Structure formats: structure tokens, C-alpha cells
Amino acid sequence: MDEIVAEYIRRTVLKIPRDEIKTMLQTWGFLSERQLQTLNFHQTKDNVSQDVAQLCEDNSVDIKQAAVLDIIYNHIYPNKRIWSVYQMNKTGEEMDFFDLTDFKKKFKRRLQSALKNVTINFREYEDNAIWIRIAWGTPYKKPNQYKTSYVVYHSQTPYVFISASVLRSTLPLLCQALVVASNYHDIREMELRSHCLNSLKDIVFKRYSQTFQTYCPRPLQERNVAPESVDLRIIQENRNEKERIQRVNREVFGDGPQPKLEFAQYKLETMFKSNPKMDVLDIKEPFRCLVKFSSPHLLESLKSLAPAGLADAPLSPLLTCIPQKARNYFKIRERKGIFPGSFVSP
Amino acid sequence: DPQKTAFLLRKQWTLYSVTPLYKFSSANLKEYARLLGAFIAAEKQKGFAVEVGVDLDIRVTFSSLPDLRGSDQDHAAMHVQLSSRSVSSKNSEEKLMWSGWFCCVSGDDLSENIPEDFTCLPLFLANGAESYAAIVGSWFQKTFDCRFRRLAISPLNLTWMAAMWTGCKVEKNASATELVFSVPCLPQPLDISYAIHPEDAKALWDTVQKTPGEITQEEVDLFMDCLYSHFHRHFKIHLSATKLVKVSTAIASAHCDGIIKFLQSKYLIGVLMLLTELAISQIQ
């Protein structure tokens, strides 16, 4: 058993950038400062991880203690995992007083009554975030420490961020345990996924700079812009249009940095409408498409499309509504009736 | 014969154009295999082919694929395979490491006009480590005085493939017609995948294409414009201003860097014919 735990620690340490290993071990606190002094952190990571694992094994580390190191690592590097957002609902307006001990007890009890072999760890952070690490086993097998799910719950909100492991079958049980433990009624998955946990939080907690979309065109604002060139013979032909695009872009996206998402997906089931000039397809069935946008920083990328001349300004609300609607997966159907050519997103 | 060509399907092939081979003869395939084998062994001594461990024995096979051609005017396709066997362990199996084949499908444009001693096999497809393609390529270049060049596929040609392949009849549960666009020059690069249900894409193409058995540039342009305008209606983005980098259908998929995947043996010759044409125009 000890070697298994030690190996797990060795692999966890291997993931940590070499310069951060000492600090993370200090935060972990399992090894004393004196023991940490005995380690040479200037070796190759391979050797450092071996030494740490050996030292931990000599000090009889158990799996729950090892799991804490894993939580610390994932808390500092959450972007290595992909996170989905869930929202819990309760009937009635009462704000129950949140009792952490009660939550933890109920959560554990619910999980363990259904599945004996689980490792559960909790860790609280200053921003009211409760991190939960669950390693899943089966009725016959011990928990697999390499197949873990992470839950981040901000107790003052109905939102839960879940990074499920490959074992998606455990999700219903996990959701159930959360609902029971937090005294909510039910939980639903939002259509919002990303690697960047903080951006997901920014979106659902509305911490990014929001815009209020208006339909009244505002007059051009005076800005302190240095004249582009001194030579008066050079005129920017479409300067007005460029400024309009910048202004509209700012209105639609806001001035602040965008939350970081890597993709957006649209399942389109709208009608194909041909330009009257093009004598084509005029079918009563929807034109079924699946569109995926991906980028290291999707919203910033979309924001730069109109100024680059690749899109109209304002950009389509299907794209600009992503932070406000807190979703990046959409199913778009044709809105029937009064306004042809407008879309609904169910 | 689908069995013989099964090895071609569902693999990623990197494309090259090859200028005509001087004094090549299919009667000498065994000799060529021997010579190429010796060449590779020599290169290994010099320190090339770093993929292979020192104690791997490489065996070269040349074989002919007579079915892979458009007409009798075309030279039969030729397959070169590199397989490896561990030198130390006696009973180890031979593993296929690298595979490449030359072919010509309806290459009359080129083969009609070349002198006697030249063999016309303008299309080369390789699967496996790049270092082997380089070694095999350089042996062919030295031996037959030819030249290999990576075959890039322009966005224009990709749109032709999209239109043509979408028009092919496929069974139920066929995969979507997918176009992948790239916008690299933004502060944050953007990739857009636009996949259309194969039945709906085919229905659109069928209304655009007027003359059976013939496809015109106008029809391809109209098809693409329809797709672009449907996209613009929803997202206000001008796809036509971005770079089309990959086209994927149930028949085959093609990437602008010159990478192809054949997905159905029924249409294999048709796709090879198109690729031969691209190779020939790159040569000329």
C-alpha cells in the first residue's frame, strides 16, 4: 500500500514545475521544514520526485494526505482540466445558513452509502470556495487515485464547477450528493464549458465588464487620438467606418478583458434562405449544420474580427451573448412567425 | 479489388508530386529493393533515420499495384514498403514501418508528351515517419533523376473537392461535409469548423449542379457562396475572407498541407484522378 501512495506522490510532484515544488510542499505541510531542508531541489525533476516520494514513504504517508497535495496542485493549475458549470435550484427564497460541517457530512454520507470505495477530500479557500476531490472505485476495487473528479462549490451561490474524470457514469451520483448536502432541490448542467476556471467564474458571477446593448446609435465621441500622419495629403478613406467599428465593438464587448473560453459550438437547425439572386435551394426542411469556433482565447479573437475586416460590426448576437447567457453550447432553431430571419436559442 | 486496396483506406497520406522517372523498369523491382535497402543501411551508419533503434533490421519491398490506374495508358502504381525486424530477438515479427506508393490515374496530359525513357508516375503518397520519406525520396532522386515536391492543395482546389465529394451518393449515416477555416493572423488565432449534414449538403449541391457528369467553376463558386451566406446570416462573419484549410466528407478528407485520407474504396480512383491532376499541374 505504501508504495502505491508513494508512487502517486512521485507522479504528482513530477507534474509540478521544478521551481514551484518546494513552495507547494510547504503549503502541503506533510513534510516538516527540517525534512524539506534535506531535499535537493536543484536536481532533475525525476530525482526530486523520487526523493520526495521516498521521504514521504519513510514517514508513512497515507492516501488521504497524498490527496491533499493533489488538491493543492489542481487549485494552482486548474486550467489543466476541463470544467463544466452546474446550477442548483431550490424552491422558496429562504437563504439557509450554510453549515460547512453539515455539508461535508451529508456529502460524504450520500456518496459513501451508494459507493463504499471512494476517497473524498475537502479543502476550503478564502474566497468561499470549497474544493472537493473524489477518487472513484467500484464495489470491488479500491479508488483509482488517477481517475478523480473535482468539484468547486462557492457556498454563497447556486453554482458548482465540476471537472469530471473520464468516469462520466459517476456524475449523477455526484450531482445527487451535492444537491442533498447543500439543501437544494435539483441541479442542471449549464451549456458552459472551458479549461479556464476563473473565466467560468467571471462569467457566472458577472465579474467581467458588462455592456448594455442599446439600439440607439450614439454620436461619435471625441477621443484623444494623435493625428495619424502629418502629411495632409494622406486621407484615411474609411476612417469613419473604422471608428464606427471600434465604437460598436466596444459597446458590444465592453472595454475590459474578456473571460477566457476556448470554444463555442452551435447546432443550427434553421432554414436555408437563398439570396433571391441565387436560384437555389428552397426547401421546407431545416439546413442542419454544426459550427464550432475554437481559439486559445475565443472572445478576444471574435472581438478582433470586425476591426480586421473579416466580419460585420456589430458581430452577431449569437456570438456576443456568450458571457451574458453564460453558455458556449447552443442549439439554434428558426423562430416561427413575426420576425423571419431571427433566431431562438432554447 | 477492394481487398487489395483496403490498406489505403483510413490512413493519413502525405502527398508529393514527382517528375518523370528516367530509365525505370518494373522488371527490376527486386533489384531496386536491394539497392534501396543498401542505401538505407548506409544512411543509418551515417546517423540518419534516427527513429529506428540501432538493432532494427530494415527490409525493403517493391511491388506493383496494377489495379490502381485510370486506363491502360497509365503506368501501374508501385508500392514501396519498409518493414523492420528486431536483429537481436530471432522470432520477432516484421512490423510495417513506412509505406509509400507512386501512381498515375488518367495522367495523359503528362504521359503523352514525355520521351521514351521516362516513366510517368506523378503522384506519390507516403505514410510513416518523415525521415523515411526523405531517405526514400533522395534515393529515387539519385537513381532516376527525378524530383519530389510536397503537393500543396490550394483553397480553390479544396472547394472543388468539397463540391464534388458532397455530390457523391453515399449511404445512410454518412459523415458530415465539414469545412475547416483558419484565421491565423489575428491577435488570437481562430479556427472555424463548419459541418453540414450530408443529406442537406447534397441537396444543396444537387440544386446547384445543372449538367450531369460535368462540373463548372461557376457551380462550385455558387455552392460555396450559398454556404458562406448561410453562415454570414447567422454569425455576420465573412468566411470567404478566411483560409479554407481542410475539407472532410464521407468519401475522403483533404488538408491544404497536402494530406489526404481515403474513406471509401468505391471512390478511390476518382480521388486519385483529381490528385494526379494536381500533381501534374505542380510539375508543369
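Per an unreviewed UniProt entry, chain B carries the name Centromere protein L and comes from Struthio camelus australis. In the Sequence similarities (unreviewed entry) part of its UniProt record, chain B is described as follows: "Belongs to the CENP-L/IML3 family."

The name recorded for chain A in an unreviewed UniProt entry is Centromere protein N, from Struthio camelus australis. UniProt lists a comment for chain A under the heading Sequence similarities (unreviewed entry), and it reads "Belongs to the CENP-N/CHL4 family."

1. Some thoughts on the overall build of chain B
Along its length, chain B carries 8 helices and 13 strands. Whereas a compact globule of 284 residues would reach a radius of gyration of roughly 19 Å, chain B reaches 21 Å, a difference of no more than 12%. Dimensions of chain B, computed from the C-alpha atoms along their principal axes, are close to 65 × 45 × 35 Å. When each of the 284 residues of chain B is scored for burial, the buried share is 49%. Pairs at least 24 residues apart make up 68% of the contacts formed inside chain B by residues separated by at least 6 positions.

2. Topic: the sheet that holds strand β4 (residues 148-154) of chain A
Residues and elements named next belong to chain A. Sheet architecture is open: 6 strands sit in the order β2-β3-β4-β5-β1-β6, paired in antiparallel fashion. In the strand order of this sheet, the two ends are held by β2 (118-124) and β6 (186-194), each with one partner. Averaged over neighbouring strand pairs, the angle between their axes works out to 20° when direction is ignored. Bridge count for β2 against strand β3 (residues 129-136) is 7 bridges, and the pairing is antiparallel. Its bridge partner lying in β3, R123 is registered against W131.

3. Considerations on the interface of chain A and chain B
Facing 41 residues of chain A, the contacting portion of chain B comprises 35 residues. For the pair chain A and chain B, the summed buried surface comes to about 3,200 Å²; carbon and sulfur atoms form 64% of the total. Taken as a group, F287, R288 and L310 of chain A account for 20% of the area that chain A buries against chain B, more than any other trio of residues on that side. The interface formed by chain A and chain B includes 3 salt bridges.

4. Describing the domain arrangement of chain A
Bring the parts together and some accessible area is lost; that lost area is often taken as the interface size. All names here are of chain A. The assigned domain composition of chain A is domain 1 (3-76), domain 2 (83-193) and domain 3 (243-333). A separation of 26 Å is found between the C-alpha centroids of domain 1 and domain 2. On the side of domain 2, 12 residues touch domain 1, which itself brings 13 residues to the contact. Summing both sides of the interface, domain 1 and domain 2 together bury roughly 1,200 Å²; the carbon and sulfur share of this comes to 62%. Of all residues in domain 1, Y8, I71 and H75 bury the most surface against domain 2, accounting for 44% of the area lost on that side. Between domain 1 and domain 2 we count 1 salt bridge in total. The partner of D70 in a salt bridge is R133, with the nearest N and O atoms 2.8 Å apart. Along the contact surface separating domain 1 from domain 2 lie 7 residue pairs in polar contact (both at pLDDT 80 or more). Breaking the side of domain 1 that touches domain 2 down by element, the ones donating at least two residues are α1 (2-15) and α5 (63-76). Ranked by residues supplied to the side of domain 1 that touches domain 2, first place goes to α5 with 9 residues. Here the residues of the side of domain 1 that touches domain 2 sort into 6 nonpolar, 3 polar and 4 charged.

5. Details of empty space enclosed by the protein
Residues and elements named next belong to chain B. This model, assessed by the stated rule, comprises 3 cavities of 30 Å³ or more. Looking at the largest cavity, the residues that line it are W165, T166, C168, V170, S175, A176, T177, P198, K202, T249, A250 and I251. Of all the elements in the fold, those that place two or more residues in the lining of the largest cavity are α5 (155-166) and α6 (198-208). Across the lining of the largest cavity, the residue classes tally to 7 nonpolar, 4 polar and 1 charged.

6. A few points about unusual backbone geometry
Residue and element names in this part refer to chain A. Residue P314 is reached from A313 by a cis peptide bond, and omega for that bond is 0°. Checked against the element boundaries, P314 lands in the loop between α10 (298-303) and α11 (317-320). Unlike most non-glycine residues, K206 shows phi in positive territory, near 55°. Along the polypeptide, K206 turns up in the loop between α8 (197-204) and α9 (239-253).

7. Points about the nonpolar core
Core analysis: the biggest nonpolar cluster contains 126 residues, and Y266 and F293 of chain A together with F262 of chain B have the highest contact counts within it. In terms of residue count, helix α7 (residues 217-235) of chain B provides more of this core than any other element does, 8 residues in total. Of all hydrophobic cores here, the second largest spans 35 residues; its members include L21, A126, A133 and C146 of chain B.

8. Here we look at the domain arrangement of chain B
Domain assignment breaks chain B into domain 1 (2-150) and domain 2 (155-256). When each unit is reduced to the centre of its C-alpha atoms, the spacing between domain 1 of chain B and domain 2 of chain B is 33 Å.

Cut-off values and rules
Residues numbered from 1 in each chain as written. Chains lettered and ligands numbered in written order. Predicted model: local features only at pLDDT ≥ 70, side-chain atom pairs only at ≥ 80, totals over all residues. Heavy atoms only, no water. UniProt positions renumbered as here; feature names shortened; annotations may be inferred. Helix = DSSP H or I, 4+ residues; strand = E, 2+ residues; numbered from the N terminus. Rg over C-alpha atoms; globule rule 2.2 N^0.38 Å. Buried < 20%, exposed > 50% of the residue type's maximum accessible area, 1.4 Å probe, protein only. Contact = heavy atoms within 4.5 Å. Pairing = 2+ DSSP bridges. Axes fitted to C-alpha atoms, helices over the stretch in contact; angles between N-to-C directions. Buried area = accessible area lost by both parts, 1.4 Å probe. Salt bridge = Lys/Arg side-chain N within 4 Å of Asp/Glu carboxyl O. Domains from an automatic or database assignment. Polar contact = N/O pair within 3.5 Å; in protein donor to acceptor, adjacent residues only side chain to side chain. Nonpolar A, V, L, I, M, F, W, Y, C, P; charged D, E, K, R; others polar. 1 Å grid on protein atoms, 1.4 Å probe; cavity = no way out; pocket = protein on both sides within 12 Å on 5 of 7 lines; lining within 4 Å. Points joined across faces, edges and corners; volume = space filled by probe spheres on them. Core = buried A, V, L, I, M, F, W, Y, C linked by side-chain atoms within 4.5 Å.

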